[in-house]
Structures are given as structure tokens and as C-alpha cells.
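Secondary and tertiary structure notes
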Amino acid sequence: QVQLVESGGGLAQAGGSLRLSCAASGRTFSSYAMGWFRQAPGKEREFVARITTRGGIIYYASSVKGRFTISRDAAKNTVDLQMNSLKPEDTAVYYCAAQTTVGNMYLHTTYDFWGQGTQVTVSS
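Residues numbered from 1 in each chain as written. Predicted model: local features only at pLDDT ≥ 70, side-chain atom pairs only at ≥ 80, totals over all residues. Heavy atoms only, no water.

Considering a nonpolar patch on the surface
This is how the line gets drawn: Without a salt bridge and with relative accessible area above 30%, a residue can belong to a patch; like charges are then joined within 9 Å and nonpolar side chains (Val, Leu, Ile, Met, Phe, Trp, Tyr) within 5 Å. For every accessible area listed, the method is Shrake-Rupley and the probe measures 1.4 Å; residues are considered covered only by the protein chains on display. When a carboxyl oxygen of Asp or Glu is within 4 Å of a side-chain nitrogen of Lys or Arg, the pair counts as a salt bridge. Numbering of helices and strands starts at the N terminus; helices are DSSP runs of H or I of at least 4 residues and strands are runs of E of at least 2.
Where nonpolar side chains cluster on the molecular surface, the patch consists of Ile 57, Tyr 59 and Tyr 106 and spans about 290 Å² of accessible area. Counting through the fold element by element, Tyr 59 comes out in strand E6 (residues 58–60).

Structure follows, in C-alpha cells:
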């Protein structure tokens, strides 16, 4: 079992920055690929970024590439999402998730453990 808790959401102005953090519990955290997803009102949950077990391979959604950076700290059992140059369309609830088996990394249904989510609101 893995428990995930997100923090760091809030209100930012367009062009600003926020840093989200996901704290994980469980000895096997380092064995799982980790992802960030987001869900805006009335929309489906969408992929934002993913990082492999040792951080060697990283993927981003095209909508955030060049603005967001995902990282993980094995010693602290955390996965962070640095969000720069924020846009109003980035407004959503952001979730971190653990993927314990091989699957399509873009589909939220292939992730097994989820945090409760943290709200990010970007004003224009």
C-alpha cells in the first residue's frame, strides 16, 4: 500500500509559479513510477507529467512542457511539480498518483494509488 498526500496548491496570477509536493508513505515508493494529473470542472482527469522510479525518464503533456518540471526525492519520499508561467487554463485540482504495474502512462485508470488532490487556481 502507498498513501499519497499533496500540498502546495493555491491561488496564483497568470505568469506566476507554484510548487506542488506529494509525500508518499510505504517502503516500496521508490519502486513505482509517479505521475501528476489534473482535473478541471466538467472535464476528464488529464495527464500532466510522469517520472520513472529513479527519475531517469520523464514525460510531460504538451500543454505543460517547458513550463512544468517534475522531480522526485527518494530520501524524502516526495514527488514535486514545479509550475512556472502559469496560465488560467492550468486551473484544476491536481493529483499525484503511483503506477505499480506497466500500463499506458497517459491513462489515469492505469495508476493504482492516488492522493486527495490539491486545488490550483490561476487568475488572469
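And the narrative resumes.
With respect to the sheet that holds strand E1 (residues 3–7)
Let me state the cut-off plainly: A pair of strands is labelled paired if DSSP reports no fewer than 2 bridges between them. For helices, the fitted line uses only the C-alpha atoms of the stretch in contact; every axis is such a line through C-alpha atoms, and the angle between N-to-C directions lies from 0 to 180 degrees.
Sheet architecture is open: four strands sit in the order E1-E3-E8-E7, paired in antiparallel fashion. Where the open sheet ends on each side, the last strands, each with one partner, are E1 and strand E7 (68–73). Mean inter-strand twist for the sheet, computed between neighbouring axes without regard to direction, equals 15°. Pairing of strand E3 (residues 18–25) with strand E8 (residues 78–83), which is carried by six bridges, proceeds in the antiparallel orientation. Bridge pairing in E8 links Ala 23 to Thr 78.

So, the state of the cysteines
Under the convention used in this document: The disulfide definition used here is simple: a pair of cysteine sulfur atoms within 2.5 Å. Any residue under 20% of the maximum accessible area for its type is buried, any over 50% is exposed, and the rest in between are partly exposed; the area is computed with a 1.4 Å probe on protein chains only.
Counted according to the given criterion, the structure contains one disulfide. One disulfide in the model links Cys 22 with Cys 96; its S-S distance is 2.0 Å. Classification of the bridge connecting Cys 22 and Cys 96 rests on its S-S torsion, roughly 50°, and on that basis the disulfide is right-handed. Taken together, the positions of Cys 22 in strand E3 and Cys 96 in strand E9 (residues 92–99) put the pair 74 residues apart, joining distant regions of the chain. We classify Cys 22 as buried; its relative accessible area is 0%. Taking relative accessible area as the criterion, Cys 96 reaches 0% and is therefore assigned buried.

A short note on the environment of Arg 54
Positionally, Arg 54 belongs in the loop between strand E5 (46–51) and E6. Among the residues examined, Arg 54 registers a relative accessible area of 81% and is labelled exposed. Spatially, the C-alpha atoms of Arg 54 and Arg 72 are 8.1 Å apart, while their sequence positions differ by 18 residues.

As for the environment of Lys 65
Considering the arrangement of structural elements, one finds Lys 65 in the loop between E6 and E7. Take Lys 65: its relative accessible area is 62%, and that puts it in the exposed class. With 16 residues separating them along the chain, Lys 65 and Ala 49 place their C-alpha atoms 8.8 Å apart.

Let's talk about the nonpolar core
Nonpolar side chains in soluble globular proteins tend to be buried together. As a reminder of what qualifies: Throughout this description, the term nonpolar core refers to a set of buried Ala, Val, Leu, Ile, Met, Phe, Trp, Tyr and Cys residues connected via side-chain atoms within 4.5 Å. Only heavy atoms enter the contact rule, under which two residues are in contact if any of them lie within 4.5 Å.
One finds Leu 4, Trp 36, Leu 81, Met 83 and Tyr 94 to be the most contacted residues of the largest nonpolar core, which totals 34 residues. Those elements that provide at least two residues to this core are E3, strand E4 (33–39), E5, E7, E8, E9 and strand E11 (118–123). At five residues, E9 tops the list of elements feeding residues into this core. What Leu 4 contacts, discounting residues up to four positions off in sequence, is Cys 22, Ala 23, Ala 24, Met 34, Cys 96, Ala 97, Ala 98, Phe 113, Trp 114, Gly 115 and Gln 116.

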